[in-house]
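A structural walkthrough
For reference, the chains in residue letters:
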Amino acid sequence: MGAVWSLLGILSGAFIAIQAPINSQLARGLGLPVAAAAFSFLSGAIVLGIIAFAVVRLQGISLDWKAPAPWLFIAGGMLGGFYVTLSTILTPRIGAAALMAFLVAGQLLAGMLIDRAGFLGVAVREISLGRVAGAVLLLAGALLIRLY
């Protein structure tokens, strides 16, 4: 089953790479990157809302709207909005491959800090020499992709 999860992770990454030029093209057509990001989120929200509604109905469950801290309802969407907007702006300027390399580098660095701090209940993992070396190599790779 671990291989399936890994393949789904790769598929998810591919979706991110495909989404960036789609949103950039939408921004070009609309004339405003933030509008393209807004419509990207709107369409995603509608589709996910329909799926969530269907799953709730099919499984006979109810959502506990009071359980999560109120800021959690907004934070993920805001961060996603910044990500989609910046990706829409950067794709035509630096290219999809360079953008993806920098995205992965940023995710890795933030992930290491999240692991180290145990942010929001994530299992604590120390920042080891191997992890630092991996991050440095990934950053070097991202720079090479951008420069060449």
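Residues numbered from 1 in each chain as written. Predicted model: local features only at pLDDT ≥ 70, side-chain atom pairs only at ≥ 80, totals over all residues. Heavy atoms only, no water.

1. Things to note about the pattern of salt bridges
Opposite charge on two side chains lets them pair, provided their charged atoms get close. Basically, it comes down to this: Salt bridges are counted wherever a side-chain nitrogen of Lys or Arg sits within 4 Å of a carboxyl oxygen of Asp or Glu. Secondary structure elements are defined from DSSP: runs of H or I of at least 4 residues count as helices, runs of E of at least 2 residues count as strands, and each element is numbered from the N terminus. Burial classification: accessible surface area is computed with a 1.4 Å probe over protein chains only, and a residue below 20% of its type maximum counts as buried, one above 50% as exposed, and the rest as partly exposed.
Counted under the stated rule, the structure contains two salt bridges. Of the charged contacts, one joins D115 and R131 as a salt bridge, the two residues approaching to 3.2 Å between their closest N and O atoms. In this pair, D115 is assigned in helix 4 (residues 96-117) and R131 in helix 5 (residues 129-147), connecting sequence segments 16 residues apart. The exposure class of D115 is buried, given its relative accessible area of 19%. Judged by relative accessible area, R131 falls into the partly exposed class, the value being 29%. Linking R116 and E126 is a salt bridge whose minimum nitrogen-to-oxygen distance equals 3.5 Å. Of this pair, R116 sits in helix 4 while E126 is found in the loop between helix 4 and helix 5, placing the two residues ten residues apart along the sequence. By relative accessible area, which is 40% here, R116 ends up partly exposed.

2. What to know about the packing of aromatic side chains
Using the following cut-off: Here a pair means two rings of Phe, Tyr or Trp (six-membered ring of Trp) with centres within 6.5 Å. Their orientation is stacked below 30 degrees between planes, edge-to-face above 60, and tilted elsewhere.
All told, the structure shown has one aromatic pair when counted by the stated rule. Aromatic pair W65 and F73: ring centres 6.1 Å apart, planes at 20°, arrangement stacked.

3. Some details on the packing of helix 1 (residues 2-30) against helix 4
To keep it simple, the criterion reads: Under this scheme, a helix contributes an axis fitted over its contacting stretch, all axes are lines through C-alpha atoms, and angles between N-to-C directions fall in the 0 to 180 degree range. Any angle that is under 35 degrees is reported as roughly parallel, and any over 145 degrees as roughly antiparallel; angles of 65 to 115 degrees are reported as roughly perpendicular and all others as oblique. We call a crossing left-handed when the near helix sits turned anticlockwise from the far one by less than a right angle, and right-handed when that turn is clockwise. Only heavy atoms matter for contacts: two residues are in contact if any of them lie within 4.5 Å across the pair. Three categories are distinguished: nonpolar for Ala, Val, Leu, Ile, Met, Phe, Trp, Tyr, Cys and Pro, charged for Asp, Glu, Lys and Arg, and polar for the others, with Gly belonging to the last.
For the pair helix 1 and helix 4, interaxial distance at closest approach is 10 Å and the crossing angle is 130°. Classified by the angle their axes make, helix 1 and helix 4 are oblique. In this structure, helix 1 meets helix 4 at a crossing whose hand is right-handed. Residues I16, A17 and A20 of helix 1 touch helix 4, and the partners they reach there are L99, M100 and L103. Residue classes in the contact of helix 1 with helix 4 are distributed as six nonpolar, no polar and no charged.

4. As for helix 1
Threshold: What a helix is expected to span follows from its residue count: subtract one and scale by 1.5 Å.
Over its 29 residues, helix 1 runs 42 Å from end to end, which matches the ideal 42 Å to within 8%, given 1.5 Å per residue. Lining the buried residues of helix 1 we find helix 2 (33-59), helix 3 (72-94) and helix 4.

5. Considering the confidence of the model for the chain
Formally: What pLDDT reports is the predictor's confidence in each residue, on a scale of 0 through 100.
Mean pLDDT over the chain: 93, with 100% of residues reaching 70 or higher. Element-level mean pLDDT values for the chain span from 91 in helix 5 up to 95 in helix 2.

6. Structural notes on helix 3
This is how the line gets drawn: A residue's bend is simply the angle between two axes: one fitted to the seven residues ending at it, one to the seven starting at it.
Here helix 3 contains 23 residues, and its C-alpha end-to-end distance of 32 Å stays within 8% of the 33 Å for a straight helix at 1.5 Å per residue. Most pronounced at T88, the bend in helix 3 amounts to some 25°, and the proline P92 follows within four residues. Among all positions of helix 3, only G80, G81, V84, T85, S87, T88 and T91 are buried. The inward-facing, buried residues of helix 3 contact helix 1, helix 2 and helix 4. Just past helix 3, the residue G95 takes up positive phi, approximately 90°.

7. Considerations on the packing of helix 1 against helix 2
In contact at an axis separation of 8 Å, helix 1 and helix 2 are set at 125° when each is read in the N-to-C sense. It follows from the interaxial angle that helix 1 and helix 2 lie oblique. The chirality of how helix 1 crosses helix 2 is right-handed. Between helix 1 and helix 2, the residues in contact are Q19, N23, L26, A27 and L30 and P33, A35, A36, F39 and S40, respectively.

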